[in-house]
Amino acid sequence: MRLSLILRTAARLLVPLMILFSVFLMLRGHNEAGGGFIGGLVGASAFALYAMAYGTKDARRALYADPRTLMASGVGIALVSALIPLFSGAPFFKGLWTTLPGGLKLGTPILFDIGVYLLVVGMTLVVIYELDDDGLSLFPRENRRGTTPSSS
Amino acid sequence: MDADLLLILPLVLPLAAAVLALLFRNVPRVQAGINLISMSGVLAASLGLLAIINEQGIQAFASGGWPAPFGIVLVADYLSVIMLIVSAIIGVAVAVYAIPNIDTERVHFGFYPFMNLLMLGINGSFLTGDLFNLYVWFEVMLISSFVLIVLGNTEDQLAGAVKYVMINLVSSLFFLTGAGLVYGTAGTLNMAELSLVLNEVESSGLVTIISMMFLISFGIKAALFPLFFWLPASYHTPPAAVSAFFAGLLTKVGVYAMIRVFTLLFTQDIGYTHTTMLMWVAGLTMVTGVLGAAAQNDFRRVLSFHIVSQIGYMIMGLAIYTPLALIGAVFYIIHHIIVKANLFLVSGVAQRLGGSFSLKKLKGLYAHHPGLAILFLIPAFSLAGFPPLSGFWAKLVLAKAGIEAGAYGIVAVAIAVGLFTMFSMTKIWVKAFLPGSSEPGAASENGTPERTPMTMGTRLMYVPIAALAAVTIMISVFAGPVFDLAERSANELSDSSAYIEAVLGHEEPAADPYTRLDLDRRSGGVHAR
């Protein structure tokens, strides 16, 4: 697939919006429709769009972390959210809540959602990037026109 | 230690280990260490749990603080904890064995994280007290095992995995449908409450139909006749460490689930479900498995068919459904997991030393590696039921239970199948370990191949094999205490009141007005249709 100017310009606008929206969905999830899973999918599709516009190499660079590290830390965070109640004498997986000054309620379920979010982003991106490594021509390649996508 | 903590450790440890192993994905040694620590930790926690159950009876834990019929409970009775301990023993053995057996490429693709996720699924299945949660754990287990079975991407692995995946998805479908029907009929999925409610459902025919859906679903997982063909098609394809873990544990989770639901939930129509269906299935499973094995010429395919035939013995215990028969079934599971996993581990070493899994190519291992030959003989004779090894005691108990219950036919089948098992083990012994006949080829003058040098890795592979052989001998020598343990477990299984009380407390939920009303309405509706 060739680098597309339209797609690249659109991606530059859309990707930050999508990431923002994915975080919004995740945070909204506790009381209304949304949650870590759906938020993670939207977040992953933002990076997938970026990869389609600029190539997976640039998309990997934009993510900073390896998607597999995201997966591991996601499960880790979810596990920690389940373990936290043990330290205060509550049963495993009990949802604990605290109200911050200003009326913001925070609890272990949001931590669990963050874990799910990271896991879904990581897992989806592992699959998508793997498609590129397997030679599926879904993503633009570097040096196809002699330039790297990022130098445009 | 706190009982609740011990109950969740077999789940938390493998999950934490999977996370850590994924984070250290570029450092195979650290991963191997994490894996070993996690498996040993699960073993220690399970032993601790056994001690607590010995003192205080069945342990139940409501996760998240939600009380029993509403939240998900984890329950550890004798059967659960026995399964936990035995599978953790296999986990530790395979953790050691995998270090030399699993190549770096497979480690790089996530062997250790998925091994731990598989352990998580297995332990979860043993501990959960909720029917739908059991389904979820089955899925965790299946997805991890799908990955492990294709890891390495060889052609026969993919061919085996396709069959494995397809048939197991069918099994999941039956399980899910069955669980849906149970919820529609009884209005709960908590197994203890179901045990009370299902016995009061008016339309017991519907319950019997549901029980048959579970028989199909768990029958596929446990590789029962006629749904076993995926097992010999796939188990011989992954590396020996993986196939030993699968052979020891995965089908036995199916057997465990079957024992659980056919002692706790579906005891309304024993004459049909147990004495007819399970009995026939058990007999046919034994016979087809052992006959299938006779036709095979691959070390691990022979063993795979024997898993099928041995599963028949466990189901035979469940089918006879007397306390003694249940003791036999539990004893058989304990004995079988250790022995079968060990035989697969031996096959891996034989492959390393002899260069092949094929019995046509292997020969004369005894001449240069008498130690391996002896380590093969212990589990092999035990599997065939040679006195005084563990398999003999297991079969003796089952045969006695069968005769007491008047089920002479199945006892005759069991004994005949035992003889055929002997034949298969002898075949492996003669072909792989004794010098071959004067065939042209790799063999030298007297039919004995060149000695393959022992590497450090091969020596390390001997350690878990010797340890498991020692466990088999322990079970044989101390058959009394193991029998006691199996007896306590069988008592709990035949009288589920202790289980129900541990989960639900002293109240009787079926007497609850809302449940009663709900139940009448629902079963009435079914009748009207």
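Criteria and thresholds
Residues numbered from 1 in each chain as written. Chains lettered and ligands numbered in written order. Predicted model: local features only at pLDDT ≥ 70, side-chain atom pairs only at ≥ 80, totals over all residues. Helix = DSSP H or I, 4+ residues; strand = E, 2+ residues; numbered from the N terminus. Buried ≥ 20, exposed ≤ 12 C-beta atoms within 10 Å, placed from the backbone. Contact = placed C-beta atoms within 7 Å. Rg over C-alpha atoms; globule rule 2.2 N^0.38 Å. Nonpolar A, V, L, I, M, F, W, Y, C, P; charged D, E, K, R; others polar. Core = buried A, V, L, I, M, F, W, Y, C linked by C-beta atoms within 7 Å. Axes fitted to C-alpha atoms, helices over the stretch in contact; angles between N-to-C directions. Parallel < 35°, antiparallel > 145°, perpendicular 65-115°, else oblique. Left-handed = near helix turned anticlockwise from the far one by under 90°. Expected span 1.5 Å × (residues − 1). Bend = angle between axes of the 7 residues up to and from the residue. Pairing = 2+ DSSP bridges. pLDDT = per-residue confidence, 0-100.

Draft legend 1. Representation of the overall build of chain A. Along chain A, the regular secondary structure elements total five helices and two strands. Sequence-ordered secondary structure for chain A, helices as α and strands as β, is α-α-α-α-β-β-α. Burial status across chain A gives 39% buried among its 152 residues. In chain A, of all internal contacts separated by at least 6 residues, the share reaching a separation of at least 24 is 68%.

Draft legend 2. Inspection of the overall build of chain B at higher detail. Looking only at helices and strands, chain B has 22 helices and two strands in total. A compact globule built from 529 residues should have a C-alpha radius of gyration of about 24 Å, and chain B, at 23 Å, falls within 12% of that. Projected onto its principal axes, the C-alpha positions of chain B cover 85 × 55 × 45 Å. Across the 529 residues that make up chain B, the buried fraction comes to 60%.

Draft legend 3. Examining the interface of chain B and chain A more closely. Between chain B and chain A, the residue contacts involve 13 residues of the former and 13 residues of the latter. Looking at which element gives the most residues to the side of chain B that touches chain A, the answer is helix α1 (residues 3–23) of chain B, with eight residues. Grouping the constituent residues of the side of chain B that touches chain A by class yields eight nonpolar, three polar and two charged.

Draft legend 4. Seen up close, the nonpolar core. Residue and element names in this part refer to chain B. By size, the foremost hydrophobic cluster in this structure holds 248 residues, and its most contacted members are V330 and A341. Ranked by the residues each element gives to this core, the list is headed by helix α14 (residues 323–354), at 20 residues. Leaving out residues up to four positions away in the same chain, A341 has contacts with I90, A93, A244, F245, A247, G248 and L468.

Draft legend 5. Molecular detail of the packing of helix α4 (residues 67–87) of chain A against α1 of chain B. Packing of α4 of chain A against α1 of chain B leaves a shortest axis separation of 8 Å and a crossing angle of 155°. Taken as axis vectors, α4 of chain A and α1 of chain B run roughly antiparallel relative to one another. Along this stretch, α4 of chain A crosses α1 of chain B, giving a crossing that reads as left-handed. Residues R68, T69, M71, A72, V75, G76 and L79 of chain A of α4 of chain A pack against V12, L15, A16, V19, L22 and L23 of chain B of α1 of chain B.

Draft legend 6. Inspection of the packing of helix α9 (residues 204–221) of chain B against helix α12 (residues 270–294) of chain B at higher detail. All names here are of chain B. Packing of α9 against α12 leaves a shortest axis separation of 12 Å and a crossing angle of 25°. Regarding the angle of α9 to α12, the classification is roughly parallel. For the crossing formed where α9 meets α12, the hand is right-handed. When α9 is examined against α12, the residues T208, S211, L215 and G219 are found in contact with a partner set consisting of Y272, T273, M277 and V281.

Draft legend 7. Spotlight on α12 of chain B. Taking 1.5 Å per residue, 25 residues should reach 36 Å; α12 of chain B reaches 34 Å between its end C-alpha atoms and fits that length. At L278 of chain B, α12 of chain B is deflected by roughly 30°, the largest bend along its length.

Draft legend 8. Expanded view of helix α7 (residues 155–186) of chain B. Over its 32 residues, α7 of chain B runs 46 Å from end to end, which matches the ideal 46 Å to within 8%, given 1.5 Å per residue. With its phi angle positive at about 75°, G187 of chain B sits one or two positions after the end of α7 of chain B.

Draft legend 9. How the structure looks around the environment of F112 of chain A. All names here are of chain A. For F112, the position within the fold is in helix α5 (residues 108–133). Sequence separation of F112 and S81 is 31 residues, and the distance between their C-alpha atoms is 5.6 Å. Those residues within four positions of F112 in sequence are excluded, and the remaining contacts are A78 and S81.

Draft legend 10. Spotlight on unusual backbone geometry. P226 of chain B follows F225 of chain B through a cis peptide bond whose omega is -5°. For P226 of chain B, the position within the fold is in the loop between α9 and α10 (230–234). The omega angle of the peptide bond from P387 of chain B to P388 of chain B is 0°, so this bond is cis rather than trans. Here P388 of chain B is to be found in the loop between α16 (370–384) and α17 (390–404). Within the chain, Y64 of chain A stands out as a residue other than glycine whose phi angle is a positive 65°. With respect to the secondary-structure elements, Y64 of chain A resides in the loop between α3 (56–63) and α4. Y64 of chain A sits in the exposed class, given 8 other C-beta atoms within 10 Å. Positive phi outside glycine occurs at Y321 of chain B, with the angle close to 60°. Mapped onto the elements of the fold, Y321 of chain B is located in the loop between α13 (299–320) and α14. When the 23 C-beta atoms within 10 Å are taken as the criterion, Y321 of chain B is described as buried.

Draft legend 11. Structural context of the pairing of strand β1 (residues 59–62) of chain B. Residues and elements named next belong to chain B. Here β1 shows a buried face lined by Q59 and F61 and a second buried face lined by A60 and A62. With four bridges joining them, β1 and strand β2 (residues 73–76) adopt antiparallel strand pairing. Its bridge partner being in β2, Q59 is matched across the sheet by A76.

Draft legend 12. Representation of the environment of G29 of chain A in the model. Residue and element names in this part refer to chain A. Looking at where G29 falls in the secondary structure, it is placed in the loop between α1 (5–28) and α2 (36–54). On the neighbour-count criterion, G29 (20 C-beta atoms within 10 Å) is buried. The spatial distance from the C-alpha of G29 to the C-alpha of L125 is 22 Å, given a sequence separation of 96 residues.

Draft legend 13. Spatial organisation of the confidence of the model for chain B. Residues and elements named next belong to chain B. Averaged over every residue, the pLDDT of chain B is 86; residues scoring 70 or more account for 92%. Confidence over residues 438–446 falls short of pLDDT 50; this stretch has nine contacts with residues more than four positions distant or in other chains. In this model, residues 508–529 is a region of pLDDT below 50 whose contacts with residues beyond four sequence positions or in other chains number 26 contacts. Both confidence scores are given for the complex: pTM 0.89, ipTM 0.85.

Draft legend 14. Broad picture of the environment of V15 of chain A. Residues and elements named next belong to chain A. Relative to the helices and strands, V15 is located in helix α1. Given 20 C-beta atoms within 10 Å, V15 falls into the buried group. Taking the C-alpha atoms as reference points, V15 and A46, 31 residues apart in sequence, are found 5.1 Å from one another. Beyond its immediate stretch of four places on either side in the chain, V15 contacts A46, L49 and Y50.

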